[in-house]
Amino acid sequence: MKSTAPTRAYRRRAPGEPRAVGYLYILPALLVYAVFLLYPFGQSVWLSFVHWDGLTAATPAGFDNYRDLFGDPALRAPFAHALLLLVFYSALPVAIGLLLAAAMSRVRVHGMTFFRTVLFLPQVLALIVVAVAWRSILAPDGLLNDTLRAVGLGSLARPWLGDYTWALPAVGVIGTWVGTGLCMVLFLAGVQRIPRELYEAARMDGAGPVREFLAVTLPGLRPQIAVALTLTIIAGLRNFDLIYITTSGGPGNATSVPAYEVYHRAFETNQVGSAAAVGVALTVLIFALTVTVSRLVEGRRV
Amino acid sequence: MTTRRERGVTYALLTLFAVLSLTPVIGILSTAFGSQGSLDTGFSLPRDGLHWGNFADAWSRGHFGTYLGNSVLVTTAVVAATTVLAVLAAYAFGVMRFPGSTPLFYLFVIGLTLPQEALVVPLYFDLRYAGLTDTYAALILPQTAQSLAFGVFWMRTYFRGSAREVIEAARIDGANSWTTLWRVLVPMGRPAISTMVVITFMWTWNEFLMALVMISDEAHRTVPLGLAFFQGQHSSDASLLAAASVLIALPVVIVYVALQRRFIEGMLGGAVKE
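Conventions adopted
Residues numbered from 1 in each chain as written. Chains lettered and ligands numbered in written order. Predicted model: local features only at pLDDT ≥ 70, side-chain atom pairs only at ≥ 80, totals over all residues. Axes fitted to C-alpha atoms, helices over the stretch in contact; angles between N-to-C directions. Helix = DSSP H or I, 4+ residues; strand = E, 2+ residues; numbered from the N terminus. Left-handed = near helix turned anticlockwise from the far one by under 90°. Nonpolar A, V, L, I, M, F, W, Y, C, P; charged D, E, K, R; others polar. Core = buried A, V, L, I, M, F, W, Y, C linked by C-beta atoms within 7 Å. Buried ≥ 20, exposed ≤ 12 C-beta atoms within 10 Å, placed from the backbone. Contact = placed C-beta atoms within 7 Å. Expected span 1.5 Å × (residues − 1).

(A) A look at the packing of helix H4 (residues 73–104) of chain A against helix H8 (residues 167–193) of chain A. All names here are of chain A. Axis separation between H4 and H8 bottoms out at 7 Å; the angle between their running directions is 35°. Like other packed secondary-structure pairs, H4 and H8 cross with a definite hand, here right-handed. Tallied by class, the residues present in the contact of H4 with H8 amount to 22 nonpolar, eight polar and no charged.

Spelled out as structure tokens, the structure:
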């Protein structure tokens, strides 16, 4: 932040009224925000330290609910699933996006608006609708199995979402579909902003496509990669809708994730304290990962 | 200079991914016009003409008319409340200085990463205690609070970047901070505000978890919640389910196609920190 003299002078007088009036402008937003977001979050933290079935009196639990996150396999699994899903929700979209950006760094594309609109479309659809569409694709007689049979790979066909081994990757692929367009749009915009001279210089030095990608495109896209990772990680870990509609955590708990576990425990099996602990742990995980991303990828000191 | 081969590869890749993006969407559209009662749970092509009746059935038999009404009401309220509150708060954060302004602002920014899952449990018990579950308020108030995180963050960036001279000029003309905001800065900030409006609209329209938890009576269901229940009851009727999906997605898609730039800018900007 460059704090220049005129700015400071402006601030001293601006905007012509006592600065305390600022509080009045903030008050209404802060009120709603505090009552319906900050306070409930505080309550979540409190609930995570009690045993409560939602009806009778709560009893103190100490760190029991948190200890269970590590000790109870039924709680460990959702977190393991979530981390594995991040490969599909975050790593793959970023990788595919980079591949495309690399391929396109040398070409000016006509009709970019059309491609951008289409590639980004999965981001604006309700996840409920996305889930319904993909349930169809992954159904026993759905598009994927039909295609496999048509090309002679019928032996691979299976009820993807009902398969203990394949349900989690199948849900992951849906996330890849949702996230890839976002990464592509980000990187394509970023690549256009890398100075052309850098590419020309690389080529004069005799750099091939791979060296050019590593030396020019990748460093040039650092900020965009950080944004892409942050957005896809947050969206991936918050992902409740997809799981609820496609598998409800099943078969067994093969696709259960923390976001689903919060709902399941609080409203279906009456383990409110445990549900709150999962929610708080999920928050911590999201914070930790986003800070890590901005440190490692963006080189920011947070 | 780019070679012909490079151009070819680029367009081939773009086309491939465009097709992959569109396949589920076209599948749903095509199924929505198919004939009801087909046992195929996968996508289908409308073989014997377009069955527009599926939409009418989803609308009346599936009660999507009611659900759409609820969604319109809730979304309008959330967008209006978020816009006014976010503009007011962001104005103060952007152009005024007062003790505690930075920590207060960061309090709002935290909301950008805070998952709903960490709020929904106590919110349910609080609102039930207040007798507000199964009301529009239960859908509007928490959603407004969550949208404010983005709204305040986004609008503050605009106010920060707005020309100091303009504010100064307005002040010299005798405008107080209130008139400066509404007469000068808000009209000038229409692009930034419309981005915030479309993003809030989309998030609220598509919101599912809060609705699932807060609403148990049918009369207050929003469209995503309606679709989830509809799927439970009519999962064998693929064409009706697809028609309902189209009805839900259409409003957002129409706005998206018209204001594509605003959507992309807002969704990617939400994570760009200063």
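This is not the end of the story, as more comes after the structure.
(B) Quick look at the nonpolar core. Ranked by size, the top nonpolar core spans 175 residues in total, and within it Ala89(B) and Val152(B) carry the most contacts. It is helix H3 (residues 64–95) of chain B that provides the largest number of residues to this core, a total of 16 residues. Aside from chain neighbours lying at most four places away, what touches Ala89(B) is Tyr25(A), Ile26(A), Ala29(A), Leu30(A) and Val152(B).

(C) Inspection of helix H9 (residues 190–206) of chain B at higher detail. With 17 residues, H9(B) should reach 24 Å at 1.5 Å per residue; the first-to-last C-alpha distance of 24 Å fits that figure. Those residues of H9(B) not exposed but buried are Ala192(B), Thr195(B), Met196(B), Val197(B), Val198(B), Ile199(B), Thr200(B), Phe201(B), Met202(B), Thr204(B), Trp205(B) and Asn206(B).

(D) Just unusual backbone geometry, in detail. Even without being glycine, Ser248(A) reaches a positive phi, approximately 50°. Inspection of the secondary structure assignment puts Ser248(A) in the loop between helix H12 (241–246) and helix H13 (258–267). A positive phi is found at His63(B), a non-glycine position, where the angle reads about 60°. Within the secondary structure, His63(B) is located in the loop between helix H2 (53–60) and H3.

(E) Local environment of the interface of chain A and chain B. Between chain A and chain B, the residue contacts involve 82 residues of the former and 84 residues of the latter. Broken down by element, the residue count for the side of chain A that touches chain B peaks at 17 residues, all from helix H2 (residues 21–47) of chain A. Here the side of chain A that touches chain B is composed, by residue class, of 61 nonpolar, 13 polar and eight charged.

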